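Descriptive structure summary
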Amino acid sequence: MMLTDAMSNFLARYKTYNYTRATFIADPYDTKVAMGNSTILDDYRKVGINLLLPQERNKQEQIMKTRTNIYRIRYNDNCLDFASAIMNAKYPERSETSQAT
């Protein structure tokens, strides 16, 4: 995988932070999908980022865990759009008769 300039800049900034405390949680459904000779999980490991994959499959349990741990997210004050997105995120509401997947 070739790193773009944006990716290289992120990695350079990441290495200046206290990266031993950083936590990256990934979607367990797509991180192990093959992309050529590699996976998303492998590509991140190659640059020193270990992704945590939640083992919980129950959606209600995942929502409850997220709500109880959301306060632990730390972000830079320059990232107010990110903070707003996190605070306003919610699961889509669907009717019981919905056929959506």
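Residues numbered from 1 in each chain as written. Predicted model: local features only at pLDDT ≥ 70, side-chain atom pairs only at ≥ 80, totals over all residues. Heavy atoms only, no water.

Focus on the overall build of the chain
Helices and strands together make up the secondary structure of the chain, namely four helices and four strands. The order of helices and strands in the chain, counted from the N terminus, is α-β-β-β-α-β-α-α. Against the 2.2 N^0.38 benchmark of 13 Å for 101 residues, the chain shows a C-alpha radius of gyration of 16 Å, more extended than a compact globule. Taking the principal axes of the C-alpha coordinates as reference, the chain spans close to 45 × 40 × 25 Å. Here the chain holds 101 residues, and 15% of them are scored as buried. Sequence-distant contacts, at least 24 apart, represent 47% of the contacts inside the chain between residues at least 6 apart. By element, 53% of the accessible surface of the chain is carried by carbon and sulfur atoms, the whole surface being about 9000 Å². Here the chain carries 14 positive and 11 negative side-chain charges, and the mean point of each set is 5 Å from the other. (Helix = DSSP H or I, 4+ residues; strand = E, 2+ residues; numbered from the N terminus. Rg over C-alpha atoms; globule rule 2.2 N^0.38 Å. Buried < 20%, exposed > 50% of the residue type's maximum accessible area, 1.4 Å probe, protein only. Contact = heavy atoms within 4.5 Å. Areas by Shrake-Rupley, 256 points an atom, 1.4 Å probe, with all protein chains shown as cover. Lys, Arg positive; Asp, Glu negative; His and termini not counted. Charge placed at Lys NZ, Arg CZ, Asp CG, Glu CD.)

What about the environment of Ala 6?
Relative to the assigned elements, Ala 6 resides in helix α1 (residues 5-16). Among the residues examined, Ala 6 registers a relative accessible area of 57% and is labelled exposed. Distance from Ala 6 to Lys 46, taken between C-alpha atoms, is 17 Å for residues 40 residues apart in sequence.

Thoughts on the confidence of the model for the chain
Looking at the chain, pLDDT values average 78 and 91% of them are 70 or higher. Element-level pLDDT for the chain is lowest in strand β1 (residues 24-25), with a mean of 72, against a maximum mean of 84 in strand β3 (residues 38-39). (pLDDT = per-residue confidence, 0-100.)

Focus on a nonpolar patch on the surface
On the surface, Ile 73, Tyr 75, Leu 80 and Phe 82 cluster together to form a nonpolar patch covering roughly 370 Å² of accessible area. Along the chain, the position of Phe 82 falls in helix α4 (residues 80-88). (Patch = residues over 30% accessible without salt bridge, like charges linked within 9 Å, V, L, I, M, F, W, Y side chains within 5 Å. Salt bridge = Lys/Arg side-chain N within 4 Å of Asp/Glu carboxyl O.)

Concerning a positive patch on the surface
A cluster of basic side chains, namely Lys 32, Arg 45, Arg 57 and Lys 59, defines a positive patch on the protein surface. Tracing the chain through its elements places Lys 59 in helix α3 (residues 59-69). With relative accessibility at 34%, the residue Lys 59 sits in the partly exposed group.

Here we look at the pattern of salt bridges
Within this structure, the stated rule accounts for one salt bridge. Across the pair Lys 46 and Asp 43 runs a salt bridge whose closest N-O atoms are separated by 3.8 Å. With Lys 46 and Asp 43 both in helix α2 (residues 40-46) and three residues apart, the pair spans about one turn of that helix.

Remarks on the environment of Thr 68
Relative to the elements of secondary structure, Thr 68 occurs in helix α3. At 3.0 Å, the side chain of Thr 68 and the backbone oxygen of Lys 65 are in polar contact. (Polar contact = N/O pair within 3.5 Å; in protein donor to acceptor, adjacent residues only side chain to side chain.)

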